[in-house]
Amino acid sequence: MSRVLRPETFNSRQTVRLARELLGKTLAVEQENGKVSRVRITETEAYDGPDDLACHASKGRTARTEVMFGPAGRWYVYLIYGMHEMLNLVTGPQDYPAAILIRAVEGISGPGRLTKRLGVDRRFNTLPAVPENALWLESGPSLPDAHVEATPRVGVGYAGPDWSQRPYRFVVKK
DNA sequence: GGGAGGATGGAT
DNA sequence: TCCATCCTCCCA
């Protein structure tokens with residue numbers, strides 16, 4: 001039986017490390033009918049702080065990014081390209097804006113597809129990741145480095161050569 | 001109030 | 001390579 005990962009698990013300032021460690025953990029969703037779906041996280045990206053030009057919060061504190069400045073372990077869900085909901089977990093201490101984008105889980109490739117398949121949308125935005133909110137995380141095996149690939153993040157070329165090239169994306173090797 | 005552009009994905 | 005589709009944010 002998996003243990004629930006409490007929100008405070010993610011208040012470390014080392015968001016990049018947390019993104020790496022989230023691989024292999026379980027994302028759990030309770031559907032409307034009470035059934036719980038559990039999927040293994042296979043791809044993540046770190047968005048780390050006010051200096052990270054790919055991080056939404058680097059453009060300042062706004063209504064949308066406010067949640068990233070709050071306590072760790074809350075969901076940041078936003079709409080991109082007018083149609084895809086992106087699921088992120090807020091990390092870091094209070095007032096340090098950072099988050100981890102959950103890009104894929106086992107059997108579902110792509111951040112837009114996974115939210116659609118699991119029924120995750122902006123209703124979850126700002127909610128703490130706990131079972132009472134029907135969307136939470138559970139522990140799983142730690143993956144050895146040999147099973148993990150680090151690459152630059154997807155679709156953030158606008159962030160400039162430094163930030164767009166950093167190996168902040170983590171993928172479980174097949 | 002207007003307009004540009006986006007942490008995607010599916011079709012062409 | 002194109003583009004659907006709409007929210008966010010900046011500018012006026």
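Residues numbered from 1 in each chain as written. Chains lettered and ligands numbered in written order. Predicted model: local features only at pLDDT ≥ 70, side-chain atom pairs only at ≥ 80, totals over all residues.

*Asks:* Looking at this model, I keep getting lost on the overall build of chain A. Mind explaining?
*Replies:* When helices and strands are counted, chain A shows four helices and eight strands. Listing each helix as α and each strand as β along chain A from the N terminus yields α-β-β-α-β-β-β-α-β-β-α-β. A compact globule built from 174 residues should have a C-alpha radius of gyration of about 16 Å, and chain A, at 15 Å, falls within 12% of that. Across its three principal directions, the C-alpha atoms of chain A cover 45 × 40 × 30 Å. Per-residue burial over chain A gives 36% buried out of 174 residues. Sequence separation of at least 24 residues holds for 62% of the intrachain contacts in chain A that already meet a minimum separation of 6. (Helix = DSSP H or I, 4+ residues; strand = E, 2+ residues; numbered from the N terminus. Rg over C-alpha atoms; globule rule 2.2 N^0.38 Å. Buried ≥ 20, exposed ≤ 12 C-beta atoms within 10 Å, placed from the backbone. Contact = placed C-beta atoms within 7 Å.)

*Asks:* Just checking my understanding: could you explain unusual backbone geometry for this structure?
*Replies:* Most of the time, phi is negative for any residue but glycine, and the peptide bond is trans. Phi at Tyr81 takes a positive value of approximately 55°, unusual for a residue other than glycine. A tally of 7 C-beta atoms within 10 Å means that Tyr81 is categorised as exposed. Backbone geometry at Thr126 places phi at a positive 75°, although glycine is not the residue there. Within the secondary structure, Thr126 is located in the loop between helix H3 (111–118) and strand E6 (135–138). Assessed through the 14 C-beta atoms surrounding it within 10 Å, Thr126 is described here as partly exposed.

*Asks:* Would you explain the protein's contact with DNA strand B in this entry?
*Replies:* Close to DNA strand B lie 20 residues, the nearest being Tyr47, Leu101, Gly110, Gly112 and Gly155. Partitioning the surface near DNA strand B into residue classes produces 12 nonpolar, seven polar and one charged. (Near = placed C-beta within 6 Å. Nonpolar A, V, L, I, M, F, W, Y, C, P; charged D, E, K, R; others polar.)

*Asks:* Got a minute to help me understand the protein's contact with DNA strand C in this structure?
*Replies:* Residues in close proximity to DNA strand C include Lys59, Gly60, Thr62, Ala63, Arg64, Thr65, Leu79, Tyr81, Gly82 and Met83, which together make up its full environment. Tallied by class, the residues present in the surface near DNA strand C amount to four nonpolar, four polar and two charged.

*Asks:* Explain the environment of Pro141 to me, please; I cannot follow it from the model alone.
*Replies:* The residue Pro141 is located in the loop between E6 and strand E7 (148–151) in this model. Each C-alpha atom of the pair Pro141 and Ala129 lies 20 Å from the other, and the pair is 12 residues apart in sequence.

*Asks:* Even after reading the chapter, I still don't get H3, so can you show me in this structure?
*Replies:* Turn by turn, an α-helix covers 3.6 residues, leaving residues three or four places apart pointing in a common direction. Within H3 the residues assigned to the buried category are Pro111, Leu114 and Thr115. Seen from one end, H3 has its buried residues packed into an arc of 95°, which puts them on one side. Among the structural elements, strand E4 (84–90) and strand E5 (98–105) are those in contact with the buried residues of H3. Where H3 ends, the next residue or the one after it, Gly119, has phi of about 75°, a positive value. (Arc of directions from axis to C-beta.)

*Asks:* Where do I start with the nonpolar core in this structure?
*Replies:* Soluble globular proteins: nonpolar side chains tend toward being buried together. Ala19, Trp75, Leu89, Ala99, Ile100 and Ile102 are the most contacted members of the largest nonpolar core, which totals 42 residues. Contributions of two or more residues to this core are made by helix H1 (15–21), strand E1 (26–30), strand E2 (36–48), helix H2 (66–69), strand E3 (75–80), E4, E5 and E6. The greatest single-element share of this core, amounting to six residues, is contributed by E5. Excluding residues that lie within four positions of it along the chain, Ile102 makes contacts with Leu27, Ile41, Thr44, Leu87, Asn88, Leu89, Pro111 and Leu114. (Core = buried A, V, L, I, M, F, W, Y, C linked by C-beta atoms within 7 Å.)

Note that every value here comes from positions in space, so none of it alone points to a role or purpose.
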